[in-house]
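Listed here are the chains, written in short residue letters.
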Amino acid sequence: MSVKGTNEEHSNDKRPFRASSDQIREFASNALTAAGTAVEAAQSVANALAETSLRGVDSHGIRLLLHYIKAVQGGRINPNPKLAFTKTGLSTGIVDGDNGFGHHASYFAIDRAVEIAEACGLGGVSVMNSSHFGAAGSYALRAASRGYVGLGFCNSDAFVLAHDGLHSFHGTNPIAFAAPVPGKEPFLLDMATSVVPWNRVQDYLMEGLPLPPDVTVDSSGEPTIDPALSEALLPLGGMLYGHKGAGLASMIEVLCAIMTGSPYCSTLPAMKGPDFSTPRRMGHFFLAIDYRRFVSPQIYEAGMHAYLRDLRSQPSKPGKKVMAPGDREWLVQETRRRLGIPVMRQLRMELDHLADILSIQRIHYDE
């Protein structure tokens, strides 16, 4: 596992500005409402962006606000959606997102899944007519914070090279799994089925940094470390073993596109445009599980603590430490609560410009 997009280590000339998660949340909410988004939807997006930035997932944090404003203003995203929930069985349901923000529809959907799981033990809820929902972990964590195991999935447009292919086909198609750990932060797995998410490549491009090897390919399908030349991401496993990531991406297409009647990867309107007026009609899928239906709370708690303790105590390489899924995010979160969320200079300039255009107050940074 790795910290996704953290900016703590930079040379002095690129030292970031810092803002609290509350400042980030308030600014995002104000910007979205100024752009015409309904308050409840704006707050859902702002909450997801602030919490994601706080966990160190900068690729899906506050930097996405600029894109979301563009999507609202272009007409791609309905700024005032009427979410509709239809229960389709004892433990299943469907949310129609009304082409609004994916964050808003996804929080709504996982809340319905938890309610169903409380009654039935398992709650499965799909979302149709949605849009980009940010970091999948936000919704799995919502379930875990309420004492349930949570899973979240989403497909996306073609960013990822088909294994042994020449062109992109699948999306980054994330998987999120969160489980409660009584008295501790949850167990959290939040990963793309590509080597990295596309937004991470944009982070490297914005910061003028070369990519690690075996992450992207250029227009001829050859590996490149230049983010400006990157045309497609590699599936999890890279050039040699990408069939594993491609297989997981295919599974998510079934859950999120085929089982919701939504467009699948290569038929989705591209996130990066140029069309920002056509709704993307994306699909998501969420599952909430009441672990108490399978094991007593005492056995679950003892087993979870024992497993994680054993995992973290495994011998490690010099200078390294074996971590459980989520450990890095919680360490970054602790640091950022204390020091603030880093915002690189280029992003600050863009957010300041956005504030001026929308006639809202700029973020006040600690410099």
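This text goes with the structure placed above it.
Residues numbered from 1 in each chain as written. Predicted model: local features only at pLDDT ≥ 70, side-chain atom pairs only at ≥ 80, totals over all residues. Heavy atoms only, no water.

(A) Geometry of the packing of aromatic side chains. Inspection of the entire model under this criterion finds nine aromatic pairs. Pairing Tyr68 with Phe101 gives two aromatic rings, centres 5.7 Å apart and planes at 80 degrees, and the pair type is edge-to-face. You can see Tyr68 sitting in helix α3 (residues 65-74) and its partner Phe101 sitting in the loop between β3 (92-96) and α4 (102-120), a full 33 residues away along the chain. Judged on exposure class, the residue Tyr68 and its partner Phe101 are both buried. Centroid distance Tyr291 to Tyr300: 3.7 Å. Interplanar angle 15 degrees. Geometry classified as stacked. The exposure class of Tyr291 is buried, given its relative accessible area of 11%. Just above the ring of Phe276 sits the side chain of Arg76; from NZ or CZ to the centre is 4.5 Å. (Phe/Tyr/Trp six-rings, centres within 6.5 Å; stacked < 30°, edge-to-face > 60°. Helix = DSSP H or I, 4+ residues; strand = E, 2+ residues; numbered from the N terminus. Buried < 20%, exposed > 50% of the residue type's maximum accessible area, 1.4 Å probe, protein only. Lys NZ or Arg CZ within 6 Å of the ring centre and 35° of its normal.)

(B) The pairing of strand β8 (residues 175-179), seen in detail. For β8, a buried count of four out of five residues is recorded, marking the element as mostly surrounded by other parts of the structure. In the sheet, β8 pairs with strand β9 (residues 187-191) via five bridges, with the strands oriented antiparallel. Each residue of the ladder has a partner; that of Ala176, found in β9, is Asp190. (Pairing = 2+ DSSP bridges.)

(C) View of the side chain of Asp58. Here Asp58 shows up in the loop between α2 (39-54) and α3. Residue Asp58 is classed as buried on the basis of its relative accessible area of 10%. Of note is the side chain of Asp58, whose polar atom sits 2.8 Å from the side chain of Arg336. (Polar contact = N/O pair within 3.5 Å; in protein donor to acceptor, adjacent residues only side chain to side chain.)

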